[in-house]
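# Working through the structure, step by step
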Amino acid sequence: MFTRFGSLSVSQYLLLAWLALAGSTTAQVKLNGPLPRQVLGAAREFQYTPSGTSLLYIADEHADDVFELFSVSVDGSSAPVALSGALVVGGDVADVSGQFAEVFASAPDGSWVAFLADATTDGVVELHRAPLDGSAAPTKLSGALVAGGDVTTFLISADGTTLVFLADALLDERYELFRAPADGSAAPVRLNSTLVGGGDVTSFELGLQSERAYFLADGVLDNVPELFSAPLDASLPAVRLNGALVAGRTVVDFRVAADESRVAFRADASADELFELFSAPGDGSAASVRLNPTLVAGGDVTARYKIGATRVVYIADQDIDGQVELYGAPLDGSAVATKLHPNASWAWDFTFTPDGALVAFYGMIGSERGIFRVSASGGTPVRLSDALGRDDTIYFLEVSVDGALCLYERRTTIVDDLLFVVADYSNLHCVSVAGGTPVQLTQHHLDGYFASYPRLTADASHVTYRREAFYQYGVATDGSGSPVLLAFSFRAESSPDGTRLAYLDGFLGSMGRLMTVDLDGGGAGD
């Protein structure tokens with residue numbers, strides 16, 4: 001039996017992909033070392049170091065189904081270096097469920113890497129650190145664990161001095177938050193206060209100033225998640241940031257300001273299942289304040305909210321039940337929230353410029369749908385995209401790191417009089433945030449041709465995207481050239497400097513090789 005993609009079987013699809021790549025001008029560089037068996041041995045996950053000069057990846061290079069952590073230069077000029085050290089029989093670099101995503105991370109300066117592995121006892125996942133050059137054996141950072149305990153996830157502080165991890169270290173199946181110095185000079189210390197029976201820390205983030213950890217936990221009442229913060233150095237106890245909640249209420253999510261001065265969060269604090277937006281000082285030094293005014297009956301603040309330098313922008317059906325619109329408010333609650341576009345409008349998605357001054361949003365003003373720009377403090381919206389037709393929607397919206405470009409995916413779905421879909425495809429467009437004529441980067445007009453998973457490179461010079469499930473393309477954002485077929489892969493990522501694409505090769509018998517290629521389709525660069 002064959003899995004089919006449209007009218008093609010997998011074998012036909014792979015053959016067409018091979019022919020397409022064989023005829024392209026791109027030059028790939030294989031980075032991983034020899035795999036034990038070409039079909040079964042594979043690189044499974046990877047990421048760039050912050051400088052972009054090296055890649056970290058997990059692969060079973062030395063023995064089939066024994067997954068280790070490696071580093072390698074992006075140009076392939078040196079052999080891969082094993083970082084995870086000797087593993088116990090049955091051990092792997094992986095999380096408790098055997099997955100590989102988010103189980104390793106580079107230090108901010110790129111000098112060392114932290115990772116999860118059951119390295120010393122099979123089935124017991126712990127947190128380790130190793131130098132990026134492999135010059136020393138790994139150091140365990142998570143300390144002693146209770147029988148049955150594991151580390152489930154971790155984050156590195158922005159200054160690289162501290163690791164914070166979630167583990168059932170003291171009681172099996174009770175997950176708590178711990179901190180450990182990155183140099184391994186001291187034992188881990190718990191950050192959360194004593195939890196109620198049955199309570200757990202469920203999620204956490206670290207502030208960009210490396211001052212505090214912020215986390216959700218049912219610490220006071222079981223199954224009532226609330227928001228807490230604690231200093232990263234564990235010098236003071238954790239504090240609760242939301243007001244007291246009764247049984248059945250919950251804090252569902254939160255965002256931390258870049259300067260850590262305040263945290264915004266959603267909770268049904270006032271009435272069950274009525275989700276509103278609040279903010280509180282990050283250190284809990286004052287009570288939380290509600291940011292939205294009283295909502296219309298049936299209204300809610302959605303999960304689409306973001307924090308700028310001093311303001312929060314959010315989407316809610318605040319005035320008319322079921323009609324979602326865009327609002328902004330001072331993060332400290334010092335003034336009432338205001339609508340960022342005219343009345344009787346809609347807003348479905350938005351993003352900030354990096355400085356938080358401008359908002360680009362997909363919505364409808366009057367009868368005109370499109371992407372608009374407006375000040376985060378309010379004003380008259382300016383349309384950035386062409387007006388969308390009846391058959392068009394926006395599937396993706398991104399503003400470049402420098403705040404100059406807006407990238408969007410415009411999907412066209414054409415239906416006949418009986419409402420049957422006769423054509424469905426998407427194209428990528430770029431436009432200056434300052435305004436101007438949008439540039440169409442792709443020219444898809446055939447059913448099933450989508451420019452999926454688009455991503456701007458850090459320098460905004462190129463966009464990478466996936467077409468028809470497997471084909472990885474790159475195209476210049478100024479529209480100066482046609483899209484270039486770069487690879488055949490489900491998993492790809494551009495380098496920090498925007499010049500190369502790393503990917504896991506999903507090609508016929510060579511499944512899972514780690515490769516790189518120039519984004520402009522030129523030489524391999526080695």
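Summary of the structure given here. Just so you know, these numbers come straight off a predicted model, no measurement behind them. The residue numbering used here restarts from 1 in each chain and proceeds along that chain's sequence as written. For a predicted model such as this one, the threshold for reporting local features is a pLDDT of at least 70, and the threshold for listing and counting side-chain atom pairs is 80 or more; totals across whole chains, interfaces and linings nevertheless cover every residue. Side-chain descriptors were evaluated using all non-hydrogen atoms of the structure, hydrogens and water having been removed beforehand.

### Here we look at the pattern of salt bridges
Should a side-chain nitrogen of Lys or Arg be within 4 Å of a carboxyl oxygen of Asp or Glu, the pair is scored as a salt bridge. For the structure shown, the criterion picks out 17 salt bridges. With a shortest N-O distance of 3.2 Å, E176 and R174 are connected by a salt bridge. With a 1.4 Å probe rolled over the protein chains alone, any residue whose accessible area is under 20% of its type maximum counts as buried; one over 50% counts as exposed, and the rest are partly exposed. The class of E176 is buried, set by a relative accessible area of 0%. Between R411 and D424 there is a salt bridge, and its shortest N-O distance comes to 2.6 Å. Of the two residues, R411 sits in strand β33 (residues 405-415) while D424 sits in strand β34 (residues 421-432), which places them 13 residues apart along the sequence. Of the residues examined, R411 reaches a relative accessible area of 17% and is grouped as buried. A relative accessible area of 13% means that D424 is categorised as buried. In the salt-bridge network here, residues are joined through shared partners; they are E45, R491 and E493. Here a strand is any run of E in DSSP of at least two residues, a helix any run of H or I of at least four, and the numbering for each starts at the N terminus.

### Some details on the sheet that holds strand β27 (residues 338-339)
In this scheme, strands are said to pair when DSSP sees at least two bridges between them. Taken in spatial order, the four strands line up as β24-β25-β26-β27 in an open sheet, and their pairing is antiparallel. Here the strands that pair on one side only, and so sit at the sheet edges, are β24 (301-307) and β27. The pairing of strand β26 (residues 325-330) with β27 spans two bridges and is antiparallel. The residue of β27 that forms the bridge with Y327 is K339.

### Let's talk about the pairing of strand β14 (residues 176-181)
For β14, the buried fraction is high: six of the six residues fall into the buried class. Here β14 pairs with strand β15 (residues 189-190) via two bridges, running antiparallel. Note on β15: the bridge partner recorded for R179 is V189.

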